[in-house]
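Residues per chain are reported as follows:
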Amino acid sequence: MVGGMNHVIEAIGLSQVFRQRQGLFASARQVMAVDDLSFRVAEGSALGIVGESGCGKSTLARMLLGLLPASAGTLRIGGADLRGMDRRARARLIQPVFQDPMSSLNPRRRIGATIALPLRVQGTGRAECRRAVARMLEEVGLAPEIAARFPNQLSGGQRQRVAIARALIVNPRILICDEPTSALDVSVQAQILNLLMDLRARFKLTLVFISHNLAVVEHIADEVAVMYLGRFVEHSANAEIFAAPRHPYTRALLASVLTPEPGLGLPEMPLGEGSPDPTNIPPGCRFHPRCPLATELCRNQAPPRGAVECHFAASGAGA
Amino acid sequence: MRRAALSLGAAIVAFAAILAIFAPLLMPHDPFAQDLTHRYTPPFWLPGGSSAHWLGTDGLGRDYLSRLILGARISMLIGVSTVILSGIIGTTLGVLGGYFGGRTDAVVMFIISCRLAIPVILVALTTVFMVGSGLWVVVLTIGLLLWERFAIVARAATRQVSGLDYIAAAWAAGCSRTRVILGEILPNIAHHLLVIATIDMAIAILLEAALSFLGLGVPPPLPSWGLMISEGKDYMFFKPWVIEIPGIALLILVLGINLLGDGLRDRLGARTEQ
Amino acid sequence: MNAVLEIEDLRIGFGPLEAVRGIDLVVERGQTHCLVGESGCGKSVSALSVLRLLPKRARFSAARLAFEGNDIAGLGERGMARLRGDRMAMIFQEPMTSLNPAYTIGSQMIEVLRRHRGASRAAAVDRCIAMLERVGVTAPAMRLGQFPHQLSGGLRQRVMIATALLCEPALLIADEPTTALDVTVQAQFLRLLADIQRQMGLAVLLITHDLGVVARVADRVSVMYAGRIVEHGATGAVFAAPRHPYTRGLLASIPVPGKIPPGGRLGSIPGIVPRIGAGFAGCAFRARCAVAMPACAAPVPEHRLADGHRFACHLGPDGAWSGA
Ligand SMILES: Nc1ncnc2c1ncn2[C@@H]1O[C@H](COP(=O)(O)OP(=O)(O)OP(=O)(O)O)[C@@H](O)[C@H]1O
Ligand SMILES: Nc1ncnc2c1ncn2[C@@H]1O[C@H](COP(=O)(O)OP(=O)(O)OP(=O)(O)O)[C@@H](O)[C@H]1O
Ligand SMILES: [Mg+2]
Ligand SMILES: [Mg+2]
């Protein structure tokens, strides 16, 4: 670990601003989806990103995959810029697994052909592809005869396994999972999480795992980043976040995990009402309108940049 | 009920296709052979009709059934060729606009708007009038004018499909843009295009009939159904069957194509929504 | 008699598929009854059958289907239409499916009141505003003029619950109302539902696949698997001592912070819910069960414990083979 730590993902000042037109004559509004993010992910580690709907998780994922050029900042994946990279080399470097199992597989393609696609693009022959598909199906725990089916003949969990098989068939270094279990039953979610953990070790993957549920990333991630309105408001090692969450928003996320403990009742949500609006980011600390600890300082002055972006992080006030 | 309509449409179109393909084998007489001693022989069910000419003869004594069968070939040929031509133009424009968006899309929308500003019949008439009539002139003229429905539908469907995750996954798999379009987008919008193809085919066939009726379509002695109606129009009141027979043939074919299109839309739509 | 909804031996089928295979369920006033189970096990169709909203091609039978003590199995379409949205209300997983995108929130809510209560327009508007306020919608008067797509997901859920509660129903059926939401909004929504239930004395039948939700809100829970209720009881009892292997599997699959050491595996249930046709016998869970035996193909006995806790498994309460 010392000295030679190799970072496969390096983002410096990464931003994404969308222009959104409200009506024909209204002027375009700026949506700050990702706001000046800097972070690094070490080779072979797993970064969990957690945050509410609309905080910019998917936008960040799409930028990491090279699907969306950054409005500002630099992003180096595997030491290089994805934009100048050969598409085949890019595919061997980084692969996605998406949230919606219904729309992540081409409905007109048989499962076997879907899984083989990344390999076909690399120029591998049909016979070799067929063998690789059979091997991948086994890796993700699906029966070989699934290869001849169409997506609408599969359950959600099975489709997600197919999506994972497709991503891993080219043996990529990085896997970006954008809420891969949010659309699944909890029992199926557990299957997929266990599968990802196994495959991560077996394929020596660097993993970016996105979710809105803090409890879900605990099993997978080495580091956890809590995202709020386009920024990481807390970013630390897994054990630290769960043992001693320092940002009030992290504490709220942790409290809203419903554990199967009857008698506890529903958690007191320390979050204020209202949903964050990326077209209108509050001045000062961006979390202050919903923060139970907010003071005059928070309303006026942005917290210092760092692992925990909160004025009271150090003192742990109110925790 | 819907199934019945689809089957009926398919049967009609299949029948017309068989007539068109095997016309030389199916025609009982030479459709161009004149026999001035047997002009306007009525069809067999009218007094004076005979089994020598099931549907009678026209003003030059040519066998009407044979001409009708050859006419089916011409109608189908024109329908299919124009749809292929306009389908290629429209789908290319629509898919490019829908997939790339931005400036490409603006250009495509502008071209579509320009096309929509052109009055089809008027331009077709003028073109054929100036270039001279002929089968391929008609195909080219109609084909170059009728692509806008393909473009609009292909563009809308492409925009819808290209936002889906499997397109992003194919891109991440390293597919080239051509491969994304041909392998992922086209197969998933094909069912929309098939429906447009049937609509445009019916329109093309009717347009050809209209041009031929005006004497600007397929040149005689080729027996286009429109031309047959035109040639018979002077005798409309004395020998109505002269225009009734090609008229009904035209009606049935267009109806069949439309039934097929509607049926396909329901079937394919239901299947993809599953 | 406090039961608002009583169901006995409910069966639903689609063609060769037996979607629901004889379930019994009682929901009492002021009580939250949770129906849990994996996707496809028949939760939604059971709920829809209570409101008689099943598709026409569904086969449906019940030994008893009573609402507030009156038999509704024989009630005609007119009678059911009068009950729906008035005495019993339903909210769905995806709010957009029950809110019509072409009409404003106001016109949809007012329509409900006018149909069931014959209220005047002005009175209806007042009541809608009051109701929206009560479920925590900010600026309720303005919301009445908005269309569904102009609201955020959380607001839409609130509007839906307000609409469902307009006529002060006795029974609310909520079909996976929080599955599409993130954890923070889910917690807020469940709080809201619990508050309103307490105020109104509402009976709630809550459908979910998450035993974490159940633990926090339910009084009683029915665990459903492949069209049958495999375990039922008071929430505390079921969670303290789950008897059916499926219930145990579900409980183990919920991620709980700090419970499993880093790198440890979540418990999970391998395989998927089978589709069950006519002539199926024995325990439907046996293909996925860790303790299955060849004898599990025999009809399953039901065991009854204290306080209505019951479960259907070949292994008896003591964990020993009960010899069917
Ligand atoms: N193409 C776009 N044009 C304009 N705004 C966009 C676009 N894509 C995303 N946004 C906005 O950017 C913000 C972040 O979106 P994003 O999809 O990244 O959120 P998310 O964290 O993934 O949420 P979810 O959990 O719902 O998937 C949202 O407010 C969204 O409306
Ligand atoms: N209209 C229908 N036609 C045919 N089969 C149906 C129909 N509706 C439901 N089913 C079948 O009935 C079974 C139970 O469906 P149901 O919708 O009740 O499941 P569920 O438990 O609500 O699942 P989910 O968690 O996915 O909502 C499923 O196998 C489903 O395929
Ligand atoms: Mg997202
Ligand atoms: Mg359901």
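Up top is the structure these notes are about.
Residues numbered from 1 in each chain as written. Chains lettered and ligands numbered in written order. Predicted model: local features only at pLDDT ≥ 70, side-chain atom pairs only at ≥ 80, totals over all residues. Heavy atoms only, no water.

## Some points on the interface of chain B and chain A
Between chain B and chain A, the contact holds 21 residues from the first and 25 residues from the second. Summed over both sides, the interface between chain B and chain A buries roughly 2,000 Å², with carbon and sulfur atoms accounting for 54% of that surface. Our enumeration of links across chain B and chain A arrives at one salt bridge. Applying the counting criterion to the chain B and chain A interface returns nine residue pairs in polar contact (both at pLDDT 80 or more). For the side of chain B that touches chain A, the element with the most residues is helix H8 (residues 165-172) of chain B, which contributes seven residues. Classifying every residue of the side of chain B that touches chain A by side-chain character gives ten nonpolar, seven polar and four charged. (Contact = heavy atoms within 4.5 Å. Buried area = accessible area lost by both parts, 1.4 Å probe. Salt bridge = Lys/Arg side-chain N within 4 Å of Asp/Glu carboxyl O. Polar contact = N/O pair within 3.5 Å; in protein donor to acceptor, adjacent residues only side chain to side chain. Helix = DSSP H or I, 4+ residues; strand = E, 2+ residues; numbered from the N terminus. Nonpolar A, V, L, I, M, F, W, Y, C, P; charged D, E, K, R; others polar.)

## As for the pattern of salt bridges
Oppositely charged side chains are able to pair whenever their charged atoms sit close together. Applying the stated rule across the entire model yields 34 salt bridges over all chains. Between Arg149(B) and Asp200(B) there is a salt bridge, and its shortest N-O distance comes to 2.6 Å. Residue Arg149(B) is found in helix H7 (residues 148-162), and its partner Asp200(B) is found in helix H9 (residues 177-213); the two are separated by 51 residues along the sequence. For Arg149(B), a relative accessible area of 28% puts it in the partly exposed group. On the basis of relative accessible area, Asp200(B) is assigned to the buried category, the value being 1%. Across the pair Arg87(C) and Glu68(C) runs a salt bridge, and its minimum N-O distance is 2.8 Å. In this pair, Arg87(C) sits in the loop between helix H2 (77-83) and strand E7 (88-91) while Glu68(C) sits in the loop between strand E5 (64-67) and strand E6 (70-71), placing the two residues 19 residues apart along the sequence. Residue Glu68(C) is classed as partly exposed on the basis of its relative accessible area of 28%. Beyond isolated ion pairs, a larger network of salt bridges with shared partners links Asp58(B), Arg62(B), Arg67(B) and Glu231(B). (Buried < 20%, exposed > 50% of the residue type's maximum accessible area, 1.4 Å probe, protein only.)

## Describing the environment of Gly174(B)
Here Gly174(B) shows up in the loop between H8 and H9. Assessed through its relative accessible area of 0%, Gly174(B) is described here as buried. When neighbours within four sequence positions are excluded, Gly174(B) is seen to be in contact with Arg87(A), Arg90(A), Ala91(A) and Val121(A).

## Digging into the site of ligand 2
Residue and element names in this part refer to chain C. The immediate surroundings of ligand 2 are formed by 15 residues, with Ser39, Gly40, Ser44, Val45 and Glu176 found nearest. Between ligand 2 and Gly40 there is a distance of 2.7 Å, counted from an oxygen atom to a backbone nitrogen or oxygen. One nitrogen or oxygen atom from the main chain of Val45 is found 2.8 Å from an oxygen atom belonging to ligand 2. Every element with two or more residues in the shell around ligand 2 is listed here: strand E2 (17-28) and helix H1 (43-50). (Near = heavy atom within 4 Å.)

## Details of the sheet that holds strand E5 (residues 94-97) of chain A
All names here are of chain A. Strands sit in the order E5-E6-E7-E3-E8-E9 across an open sheet of six strands; the sheet is mixed. The strands lining the two open edges of the sheet, one partner per strand, are E5 and strand E9 (231-237). When strand polarity is set aside, the average angle formed by the axes of neighbouring strands in this sheet is 15°. Bridge count for E5 against strand E6 (residues 174-178) is four bridges, and the pairing is parallel. (Pairing = 2+ DSSP bridges. Axes fitted to C-alpha atoms, helices over the stretch in contact; angles between N-to-C directions.)

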